[in-house]
Amino acid sequence: RSLVVVHFWAPWAPQCAQMNEVMAALAKEHMQVTFVKLEAEAVPEVSEKYGISSVPTFLFFKNSQKVDRLDGAHAPELTKKVQRHASSSSVSAGSNDSAKEDLNVRLKKLINAAPCMLFMKGSPKEPRCGFSKQMVEILNKHGISFSSFDIFSDEEVRQGLKTYSNWPTYPQLYVAGELIGGLDIVKELEASGELDAVCPKAQKLEDRLKTLINKAPVMLFMKGSKQMAKCGFSKQIIEIMNSTGVDYETFDILEDEEVRQGLKTYSNWPTYPQLYVKGELVGGLDIVKELRESGELLPILKGEN
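It should be emphasised that the depicted structure is a prediction, and the values quoted were computed from it without experimental measurement.

**Student:** Mind showing me how you'd approach helix α3 (residues 75-87) here?
**Tutor:** Working note: α-helix, 3.6 residues per turn, so residues spaced by three or four point in the same direction. Spanning 13 residues, α3 covers 18 Å between terminal C-alpha atoms, matching the ideal 18 Å at 1.5 Å per step. Those residues of α3 that sit buried are Leu 78, Lys 81, Val 82, His 85 and Ala 86. Take α3 and look down its axis: the buried residues cluster within an arc of 120°, on one side only.

**Student:** How should I be thinking about the domain arrangement of the protein in this particular structure?
**Tutor:** Where interface size is quoted, it is often the accessible area lost as the parts come together. Splitting the protein by domain gives domain 1 (3-87), domain 2 (103-198) and domain 3 (207-302). For domain 1 and domain 2, the distance between their C-alpha centres works out to 31 Å.

**Student:** What exactly am I supposed to notice about the packing of aromatic side chains here?
**Tutor:** Two measures describe an aromatic ring pair: the distance that separates the ring centres and the angle between the ring planes. Evaluation of the coordinates by the stated rule reveals five aromatic pairs. An angle of 45° between the planes, with centres 5.8 Å apart, marks the rings of Phe 119 and Phe 149 as tilted. With Phe 119 in strand β5 (residues 116-120) and Phe 149 in strand β6 (residues 147-150), this residue pair connects regions lying 30 residues apart in the sequence. When its relative accessible area of 14% is taken as the criterion, Phe 149 is described as buried. Consider the rings of Phe 221 and Phe 251, whose centres lie 5.7 Å apart with planes at 45°: the pair is tilted. Here Phe 251 lies in strand β10 (residues 249-252) and Phe 221 lies in strand β9 (residues 218-222), a separation of 30 residues in the sequence.

Criteria and thresholds
Residues numbered from 1 in each chain as written. Predicted model: local features only at pLDDT ≥ 70, side-chain atom pairs only at ≥ 80, totals over all residues. Heavy atoms only, no water. Helix = DSSP H or I, 4+ residues; strand = E, 2+ residues; numbered from the N terminus. Expected span 1.5 Å × (residues − 1). Buried < 20%, exposed > 50% of the residue type's maximum accessible area, 1.4 Å probe, protein only. Arc of directions from axis to C-beta. Domains from an automatic or database assignment. Phe/Tyr/Trp six-rings, centres within 6.5 Å; stacked < 30°, edge-to-face > 60°.

Printed below as a string of structure tokens:
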């Protein structure tokens, strides 16, 4: 019945080692909490089941049910979540107020996570109620760029947002952090011709990918960043790129699912990392290794080849 915290980690990631130290300290402080380490790449079926796409990731379980999640090396956030879940069985009035304050901060962040945010039942690809389905169809018909949050995935958000926005039903649409309303309001805006003026238009995915690929002479699409690779292949390619001394920029595909899936089709290259020079695909890790061994990598990166 007690809290179980599972750390999905990788031995090649220094940030995981740091978080293991944080976990060890927390284990001494919270004797009733069970802390578990799982090497993410050694248990692919488990990692896939829980959607682990980067390390470190922490999952929180109570009574065999997943109750929370934390992605990334955020020691203060991990400490806060452990404290909150460990003490939630004996919540006092005082801590209830601070929990409410924490929730409001979180809701504000979610509402402002994208210029246009839709809180719905299910996802745009798989709406799980008729109203959410109609809302998605209207937004797509008008070419509106939006991100979404599945309120079924988080009961705290589902209940909290009703109070926070004083709006009792879902879906709820927000633009620039402000509540527009539910399906009826959006239908009214569509009928009056105001919807296009209120909501931001989507840039066509192909145009967006072209812009990203050409953002710098050398662009690397990877899991993580130069400072913190989030998979072994990305880490290896970063080491090779750094050894060349050539300037390059990176894009973290874990931050943008649309780019992550779209680029595979656009480039006809199914895996990451992907390296581009002057808007042209060079290839993935294996190709880059071959080019380095043949001495061709540096001239290609410098645009000489």
